[in-house]
Amino acid sequence: MAASIVKRVSRVKKLNVSHISARYKLLTGSSHFSTSKQWNKALVLGVYENESTDSIDFTGTARKFDEKADGKISQLLLTVKKPLKCGKTRTLHAVGPEFSSVLVTCIGKRGEGYDELETVDKGRESIRAAVAKAVLQLRELGENEIEVDSCWDTEASAEGCHLALFSYDDLKAEKSRKPAVRISCATRYSQDKNSMEKEWRKGAILAEGQNLSRRLMEMPANLLTPTKFAEIVKEQLADKCEVLVRDKDWVESMKMGSFLSVARGSVEPPVFLEIEYKGTQSDSPLALVGKGVTFDTGGISIKPSQGMDAMRGDMGGAACVAGSLLSVSKLQLPVHVKAFIPLCENMPSGSATKPGDVVTAMNGKTIQVDNTDAEGRLILADALCYSEQFNPSLILDMATLTGAIDVALGAGAAGVFTNSENMWNKLQKASVRSGDRVWRMPLFNHYTKKITECQLADLNNIGGSRSGGACTAAAFLKEFVNNKNWLHLDIAGVMSNSGDVAYLGKGMSGRPTRTVIEFINLMSKETNN
């Protein structure tokens, strides 16, 4: 490639504390979970934008709390004559005996929904961003137990909180780590607490999947080798998935010469992960494929040193596959999924593949490797071929594949290349719900010609020029797919977050994990109807 979850605990004494601590550390990057510390309790309440200086447009939960507090929230907010705008907050203290702080956050205009131009549900996104800002501000104030208003969309509220509180800091000194925060849904005023708790749990699980992806992407490459990646994924998914860890001998026996050509430069052995989740019986599983280059130097076509540290995240596709499967299995979706993850490092050495070398993929096609930094497509080629053996109903692959997609779309959306209008429509619908957008890119024969015009082999791994780099990469992958429902997601542009998504902190983003989970959920509903 060129280019929190906080486990909600209501009855700590009934739970295995060591298990909670281990899970908390894995999913948040913090080991600060403690059952002995003094917990300060805070409350987040939502309000809508309102131009009036005489009244406050509360959510249902906020209105009922205000009534219980004899209108004190309204009085304090109206004291400030400037109405709250979307994303702005007010922090109140001494409102009542139960909460040390009450933070009021504006969730935007009432009734906002799908924005056709932005291709996003603005109401849901505003809720995620508003509650995320609220819990972060309360954490800075030292609050460590927070009840959060559902804001009429409990799932989105839970997503915003848990995504915002994620941090990967367990390699830092104890004093530099973010403190633990316990999050729960403010259900006390709801007439249907069970339904609200169910939706909160779903939102938390969606965030948990993305936070696992983020954690894997953030881990330094010396700690997250292909072998260690496989160990972590097996540990996380073993309860509900069958995880097969294939070694180099197996890869060689399958004649995956394209994959092996990338791995040969590193002392770390390649690993091929095969994962199966059976939420239902089916002869045609949904196939996920993820690029798993745990560190990418570019190989002999070495990258510039500046920014190379970010290439620890070049296994983002593999991480998002793992995160998606974690959430799918925890939600117990009635769907059959098989996942395929080729894992290796791309390193320069005396044994590394050289520009101009020709290798043979699993399907027998020969490839002239003119740029060893275009390695992601080489390992995906064999993984895609292998996935076809299981008669999948569709194949969805994810890869931080090209810097060209970052140039084209930036962090605004993941690029999608597909041969199916139906699959595209479903994925786009899923992205609207998740708020993690996708954008369709062309898969023209024009680009195929760029990689089939090759001097020494059937295919060239680059298109001959810098033009349309993301498109020629997708055209290359297309040569290894026969399935009529194939989606390729180039996620290089959304690999990291630097303020583009309000409820994600700076660092590796784990995008588009939640979109893929929503897509799988849509497919499961269609299959079972």
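Residues numbered from 1 in each chain as written. Predicted model: local features only at pLDDT ≥ 70, side-chain atom pairs only at ≥ 80, totals over all residues. Heavy atoms only, no water.

With that settled, the discussion passes to the nonpolar core. If you look at the biggest cluster of nonpolar residues, it comprises 61 residues, and the most contacted ones within it are Phe229 and Leu396. Looking at this core element by element, the count peaks at eight residues for helix α10 (residues 316–330). Leu396 has contacts with Ala287, Leu288, Val289, Leu427, Leu487, Leu489, Val516 and Phe519, leaving out every residue within four places of it along the chain. Residues Leu260, Ala361, Leu378 and Ala473 belong to the second largest nonpolar core, which totals 47 residues. (Core = buried A, V, L, I, M, F, W, Y, C linked by side-chain atoms within 4.5 Å. Buried < 20%, exposed > 50% of the residue type's maximum accessible area, 1.4 Å probe, protein only. Helix = DSSP H or I, 4+ residues; strand = E, 2+ residues; numbered from the N terminus. Contact = heavy atoms within 4.5 Å.)

Looking at the assigned domains, one finds that the chain contains domain 1 (41–191) and domain 2 (215–527). Contacts between the two partners involve 19 residues from domain 1 and, on the opposite side, 16 residues from domain 2. Where domain 1 abuts domain 2, roughly 1600 Å² becomes buried across the two surfaces, and 56% of that area is made up of carbon and sulfur atoms. Where domain 1 packs against domain 2, one counts nine residue pairs in polar contact (both at pLDDT 80 or more). Counting only elements with at least two residues in the side of domain 1 that touches domain 2, the list comes to β5 (120–121), α4 (122–140) and α5 (154–164). For the side of domain 1 that touches domain 2, the residue count by class is nine nonpolar, two polar and eight charged. (Domains from an automatic or database assignment. Buried area = accessible area lost by both parts, 1.4 Å probe. Polar contact = N/O pair within 3.5 Å; in protein donor to acceptor, adjacent residues only side chain to side chain. Nonpolar A, V, L, I, M, F, W, Y, C, P; charged D, E, K, R; others polar.)

Detailed conclusions should not be drawn from predicted coordinates in areas where pLDDT is low. Within the chain, residue pLDDT values average 92, and 92% of them lie at 70 or more. Taken as a whole, residues 1–36 scores under 50 in pLDDT and shows 99 contacts with residues more than four places along the chain or in a different chain. (pLDDT = per-residue confidence, 0-100.)

For helix α14 (residues 445–452), the set of buried residues is Tyr447, Thr448 and Ile451. Taken end-on, α14 shows its buried residues confined to a sector of 105°, consistent with a single buried face. Along α14, the residues that are exposed and aim more than 90 degrees away from the buried face are Asn445 and Lys449. Here the buried face of α14 lies against β18 (459–460) and α15 (469–478). (Arc of directions from axis to C-beta.)

Attention now moves to the side chain of Arg514. Structurally, the position occupied by Arg514 is in helix α16 (residues 513–527). By relative accessible area, which is 2% here, Arg514 ends up buried. In this structure, Arg514 is in contact with Arg128, Glu159, Leu163, Leu206, Ala207, Gln210, Ser434, Asp436 and Tyr503, ignoring residues within four places of it in sequence.

On to the UniProt feature "domain: Cytosol aminopeptidase" (unreviewed entry) in the chain, then. The UniProt entry lists residues 371–378 under the feature "domain: Cytosol aminopeptidase" (unreviewed entry), expressed in the numbering used here. End-to-end, the C-alpha atoms of residues 371–378 are 11 Å apart, and along that stretch the chain is 38% helix and 0% strand. (UniProt positions renumbered as here; feature names shortened; annotations may be inferred.)

Here the focus is the pattern of salt bridges. Summed over the entire model, instances satisfying the criterion amount to 34 salt bridges. Where Glu159 meets Arg128, a salt bridge forms, and the shortest distance between an N and an O atom there is 3.0 Å. Of the two residues, Glu159 sits in helix α5 while Arg128 sits in helix α4, which places them 31 residues apart along the sequence. The residues Glu159 and Arg128 share a single accessibility class, namely buried. Residue Arg246 pairs with Glu274 through a salt bridge whose shortest N-O separation is 3.1 Å. Of the two residues, Arg246 is situated in strand β8 (residues 242–246) and Glu274 in strand β9 (residues 271–278); the sequence distance between them amounts to 28 residues. Residue class for Glu274 comes out buried when judged on its relative accessible area of 4%. Each of the salt bridges in this network shares a partner with another, and the network as a whole consists of Arg124, Asp153, Glu155, Lys202, Arg433 and Glu518. (Salt bridge = Lys/Arg side-chain N within 4 Å of Asp/Glu carboxyl O.)

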